[in-house]
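Chain by chain, the residues:
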Amino acid sequence: MKKMFWAEAEIRDNHCISPDIYAMKIIAPDAAKNAKSGQFIMVYLDKGELLLPRPISIYDANDDEIEIIYQVVGKGTKALSQMQPQQEIKILAPLGNGFTIAPDTKKAALVGGGIGTPPLYYLAKTLAQAKISADIYLGFRTTPILAEEFRALNNGEVHIALENGTDDNAHKGFITDLIASQNYDQIFSCGPEPMLRALAALTARTSTPTQVSMEQRMACGIGTCVGCVIKAGAQYTRVCCEGPVFDAKEVFPQ
Amino acid sequence: MIDTTVSIAGITLKSPIVTASGTFGSGQEYAQFNDLSRLGAITVKGVSHEPWLGNPPPRIAETHGGILNAVGLQNPGAKAFIEKDLPFLRTLDTKVIVNLCGRTVEDYVAVARDFEGVEGVHFFELNISCPNVKAGGMAMGTDPKMAEEVTRAVKRATATPLIVKLSPNVTDITLIAKAAEAGGADALCLINTLLGMKIDIHKKKPILGNKIGGLSGPAIKPVAVRMVYQVSKVTTLPIIGTGGAATWEDAIEFIMAGATAVSVGTANFTNPRVVTDILDGLVAYMQNQKIKNLSQIKGIIE
């Protein structure tokens, strides 16, 4: 069984980085040391009528700290956004399988869409440290996030696409328009399902190995309730345990 | 000295705190946060004779003080359970309750027979109350005649003590309780989830892939306490009370209503250490109140 840590941890920082999007740093040394890119944490709200913990992907992990970036979409994430530094928060981490970098990968592409962008940052950092070059493709509706953070890694090109944006430096349309998948040994992605589906179709044509990080409504986060399944072939498979990262071929058969 | 043991069908449980089926896997995941040997028993996720695919996602929806689920008893079947999960459970110093599911009387008998000669199973829990299975499942648990028939058939097929888990989705739960007793049940567990639904008003469609599901969590606790109370008045069988128990106070409430043991389900999701917290609270309460044995407060509500 994989190692996971239940921690009553201290919040180091929690602030808004873009409309409705927040970054929270949590002091959790055991979880941070064992965290892998593409994994997630469960955040417990202690909020009476909201019973379920919220699964949130890991944006970054350092020696003693896990950082998450999340969007306020409902009452739970609203409550989370109002928490203050030095307050205690209960977390269970790290959870899920995470991204797997193939041993022979020399050039990778990372494809993020909207709030699916943050988990790719820790992967981008890991790739940079391993001296594997990685081009970054990020798509948003109107407002990019984290573009500067990815550029600062200086480990490949950073492309931005906006569906309804006005930025001259950004492609107007879908991010998948920009990707020449044959140029890459491996592609990693996280974002809305239509984007992942389009990417899977694209990379299947060039037989480029592609990993996608999936989402589902979740309860326990550790495999016991079998609530968070998605269809993979003829079976339903758990996002929290067998995922959240899947081979694109498995969840989007062509 | 306080004594937290309770007895069900002649088998002693170390404590009255039990985990509910479908919320605790087969225990292994929660062993990292809890000393499982303190539990009275672990009820494992529902097991069927053949593997079951389960319902289409989404299977989970959060509601005010509760959650709706429509998992549909996805499980790899009895053979896989016996090979993969039971060896770990055998290493624990606690009792194991295997939740049996089926669509027909023959299904239930078949899965009970799958465990013939298999060690490490102390009780069966007959799941005739799952609202997420179209045929069988809850249909059996809402008709007294069928409840009695399936109980009797499984009882004939096995010597393992049989707990029958009752559905709250009935007009009079005492009729089903009496039917299960007539069929030969050794104990009762109540309640399973209440049928519920949640609609996403922006997408104009139900959240659950199955449209409707079973409601659990603190939202249903008063219903569960009421039903345990009513059933305890019409049967001498031991009752495992369940439905929204999340604190030691809840556990005491179920016991006072007439339960011998209390099963904790949804609360495991809210706090993975909840069973330990409940046990600690229960022991402290017994010490403070100078209660030597839980029989002193069991069913004290007239």
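Use the structure listed above.
Here is what the cut-offs are and how they apply
Residues numbered from 1 in each chain as written. Chains lettered and ligands numbered in written order. Predicted model: local features only at pLDDT ≥ 70, side-chain atom pairs only at ≥ 80, totals over all residues. Heavy atoms only, no water. Helix = DSSP H or I, 4+ residues; strand = E, 2+ residues; numbered from the N terminus. Expected span 1.5 Å × (residues − 1). Buried < 20%, exposed > 50% of the residue type's maximum accessible area, 1.4 Å probe, protein only. Arc of directions from axis to C-beta. Pairing = 2+ DSSP bridges. Contact = heavy atoms within 4.5 Å. Axes fitted to C-alpha atoms, helices over the stretch in contact; angles between N-to-C directions. Parallel < 35°, antiparallel > 145°, perpendicular 65-115°, else oblique. Left-handed = near helix turned anticlockwise from the far one by under 90°. Nonpolar A, V, L, I, M, F, W, Y, C, P; charged D, E, K, R; others polar.

Draft legend 1. Spatial organisation of helix H5 (residues 193-205) of chain A. Residue and element names in this part refer to chain A. When the terminal C-alpha atoms of H5 are compared, their 19 Å separation across 13 residues agrees well with the 18 Å that a helix rising 1.5 Å per residue should span. Residues Met 195, Leu 196, Leu 199, Ala 200, Leu 202 and Thr 203 constitute the buried set of H5. Buried positions in H5, seen along its axis, are confined to an arc of 165 degrees and lie on one side of it. Across from the buried face of H5, at angles greater than 90 degrees, the exposed residues are Pro 194 and Arg 205.

Draft legend 2. Region of the structure containing the sheet that holds strand E10 (residues 171-172) of chain A. Residue and element names in this part refer to chain A. The seven strands lie next to each other as E10-E9-E8-E7-E11-E12-E15, forming an open sheet whose pairing is mixed. Edge positions in the open sheet fall to E10 and strand E15 (245-247), since each of these has one partner strand only. Pairing geometry for strand E11 (residues 186-190) and strand E12 (residues 210-213), over four bridges, is parallel. Note on E12: the bridge partner recorded for Cys 190 is Ser 213. Helix-sheet contacts for helix H3 (residues 118-129) involve strand E7 (107-113), strand E8 (133-140) and E11, and the interaxial angle to E7 is about 165 degrees. The strands touched by H5 are E7, E11 and E12; relative to E11, the strand with the most contacts, the crossing angle is about 170 degrees.

Draft legend 3. Local environment of the environment of Val 264 of chain B. Residue and element names in this part refer to chain B. Structurally, Val 264 can be placed in strand E16 (residues 261-264). Along the chain, Val 264 and Ile 278 lie 14 residues apart, while their C-alpha atoms are 9.3 Å from each other. Residues in contact with Val 264, not counting those within four places in the same chain, are Ile 17, Val 18, Thr 19, Ala 20, Thr 23, Ala 245, Val 274, Val 275 and Ile 278.

Draft legend 4. Main features of the packing of helix H5 (residues 144-157) of chain B against helix H6 (residues 173-182) of chain B. Residues and elements named next belong to chain B. For the pair H5 and H6, the least separation of the axes is 7 Å and the interaxial angle reads 30 degrees. As the angle between them shows, H5 and H6 are arranged roughly parallel. Judged by the twist between their axes, the crossing of H5 over H6 is right-handed. Taking contact as the criterion, the partners of Pro 144, Ala 147, Glu 148, Thr 151 and Arg 152 in H5 are, on H6, Leu 175, Ile 176, Ala 179, Ala 180 and Ala 182. Of the residues contributing to the contact of H5 with H6, the split by class is seven nonpolar, one polar and two charged.

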